[in-house]
Amino acid sequence: GAGVSQSPSNKVTEKGKDVELRCDPISGHTALYWYRQSLGQGLEFLIYFQGNSAPDKSGLPSDRFSAERTGGSVSTLTIQRTQQEDSAVYLCASSSTPPGRQPQHFGDGTRLSIL
Amino acid sequence: GESVGLHLPTLSVQEGDNSIINCAYSNSASDYFIWYKQESGKGPQFIIDIRSNMDKRQGQRVTVLLNKTVKHLSLQIAATQPGDSAVYFCAATTTDSWGKFQFGAGTQVVVTP
């Protein structure tokens, strides 16, 4: 597709379950970002992938959060043992290089609700 | 660290009028700025960007102004339309970053008929 694609668009799960969120970036974009957006809040950086370099995980809130990017394209964000405070919209973005000189293009996000 | 914020959380504007959305940033090293529009249930959509070597940049019905002296950024929307109702974010990054932007919380723009 032409834009960043995220799935599922909505996810409702019980506390303690694991969830996987998927991001398919724009073809050719080497930089990929995950953000979390809570109601009425700005975007909270989670993790950044750039090419084959080691990801910047400095924004991950706890060790329950992890992400990987396979083949330099699709990325999966995994949240283990979900907690109610994990409820938020998880946004993925990608950009071309150089990443600090190009806008990030966002998907429509996954709305995660923890019961 | 970077701190980016917006002066007004909500802006109500009459259809056809011009809108001005403001943003302040704290890091004087910031040199690349973006405005995004986010409609309900959707991801942020790129509107316009500007680099620090410019003071003004125009797009279709939008103009971004950058005042580096006071570290202030604004977005002007001409002839505001109902479809412009959304939350608007500014974002900033620095030369030596890899694109780690700091985002403001956003301004809700409500267009009234």
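Here, every reference points to the structure presented above.
Residues numbered from 1 in each chain as written. Chains lettered and ligands numbered in written order. Predicted model: local features only at pLDDT ≥ 70, side-chain atom pairs only at ≥ 80, totals over all residues. Heavy atoms only, no water.

Some words on the overall build of chain A
Part 1 of the reasoning: On a plain count of helices and strands, chain A comes out with zero helices and 10 strands.
Part 2 of the reasoning: Sequence-ordered secondary structure for chain A, helices as α and strands as β, is β-β-β-β-β-β-β-β-β-β.
Part 3 of the reasoning: Since a compact globule built from 115 residues should have a radius of gyration of about 13 Å, the 13 Å found for chain A is in line with a globular shape.
Part 4 of the reasoning: Residue pairs at least 24 apart in sequence account for 55% of intrachain contacts in chain A once pairs closer than 6 positions are excluded.
Part 5 of the reasoning: Working note: accessible area of chain A is about 5500 Å², and carbon and sulfur atoms make up 43% of it.
Part 6 of the reasoning: Computed over 11 positive and 11 negative side-chain charges, the inter-centroid distance for chain A is 1 Å. (Helix = DSSP H or I, 4+ residues; strand = E, 2+ residues; numbered from the N terminus. Rg over C-alpha atoms; globule rule 2.2 N^0.38 Å. Contact = heavy atoms within 4.5 Å. Areas by Shrake-Rupley, 256 points an atom, 1.4 Å probe, with all protein chains shown as cover. Lys, Arg positive; Asp, Glu negative; His and termini not counted. Charge placed at Lys NZ, Arg CZ, Asp CG, Glu CD.)

Some thoughts on the packing of aromatic side chains
Part 1 of the reasoning: If you walk through the whole model with that rule in mind, you get 11 aromatic pairs over all chains.
Part 2 of the reasoning: A ring pair is formed by Tyr35(A) and Phe45(A), whose centres lie 6.3 Å apart and whose planes are at 70°; its orientation type is edge-to-face. Residue Tyr35(A) is found in strand β4 (residues 31-37), and its partner Phe45(A) is found in strand β5 (residues 43-50); the two are separated by 10 residues along the sequence. Each of the two residues, Tyr35(A) as well as Phe45(A), counts as buried.
Part 3 of the reasoning: Between the aromatic rings of Phe101(B) and Phe103(B), the centroid separation amounts to 6.3 Å while the plane-to-plane angle is 45°, which identifies the pairing as tilted.
Part 4 of the reasoning: For Phe101(B), a relative accessible area of 3% gives the class buried. (Phe/Tyr/Trp six-rings, centres within 6.5 Å; stacked < 30°, edge-to-face > 60°. Buried < 20%, exposed > 50% of the residue type's maximum accessible area, 1.4 Å probe, protein only.)

Comments concerning the nonpolar core
All names here are of chain B.
Part 1 of the reasoning: The biggest cluster of nonpolar side chains holds 21 residues, and the ones touching the most others in it are Ile-21, Phe-33, Trp-35, Leu-73, Leu-75, Tyr-88 and Val-109.
Part 2 of the reasoning: Within the residue set of this core, elements represented by two or more residues are β2 (10-14), β3 (19-25), β4 (30-38), β5 (45-51), β7 (62-67), β8 (72-77), β9 (86-94) and β11 (107-112).
Part 3 of the reasoning: At four residues, the largest contribution of residues to this core is made by β9.
Part 4 of the reasoning: Dropping the residues within four chain positions of it, Val-109 is found in contact with Leu-11, Val-13, Ile-21, Asp-84, Ser-85, Ala-86 and Tyr-88. (Core = buried A, V, L, I, M, F, W, Y, C linked by side-chain atoms within 4.5 Å.)

Details of the interface of chain A and chain B
Part 1 of the reasoning: Listed per partner, the contact involves 22 residues of chain A and 23 residues of chain B.
Part 2 of the reasoning: Taken over both partners, the interface formed by chain A and chain B buries close to 1700 Å², and the fraction arising from carbon and sulfur atoms is 56%.
Part 3 of the reasoning: On the chain A side of the interface with chain B, the three residues burying the most area are Arg101(A), Pro103(A) and Phe106(A), jointly 30% of the side's total.
Part 4 of the reasoning: Where chain A meets chain B, there are zero salt bridges.
Part 5 of the reasoning: The interface formed by chain A and chain B contains three residue pairs in polar contact (both at pLDDT 80 or more).
Part 6 of the reasoning: When residues of the side of chain A that touches chain B are traced back to their parent elements, those giving at least two are β4 and β5 of chain A.
Part 7 of the reasoning: Partitioning the side of chain A that touches chain B into residue classes produces nine nonpolar, nine polar and four charged. (Buried area = accessible area lost by both parts, 1.4 Å probe. Salt bridge = Lys/Arg side-chain N within 4 Å of Asp/Glu carboxyl O. Polar contact = N/O pair within 3.5 Å; in protein donor to acceptor, adjacent residues only side chain to side chain. Nonpolar A, V, L, I, M, F, W, Y, C, P; charged D, E, K, R; others polar.)

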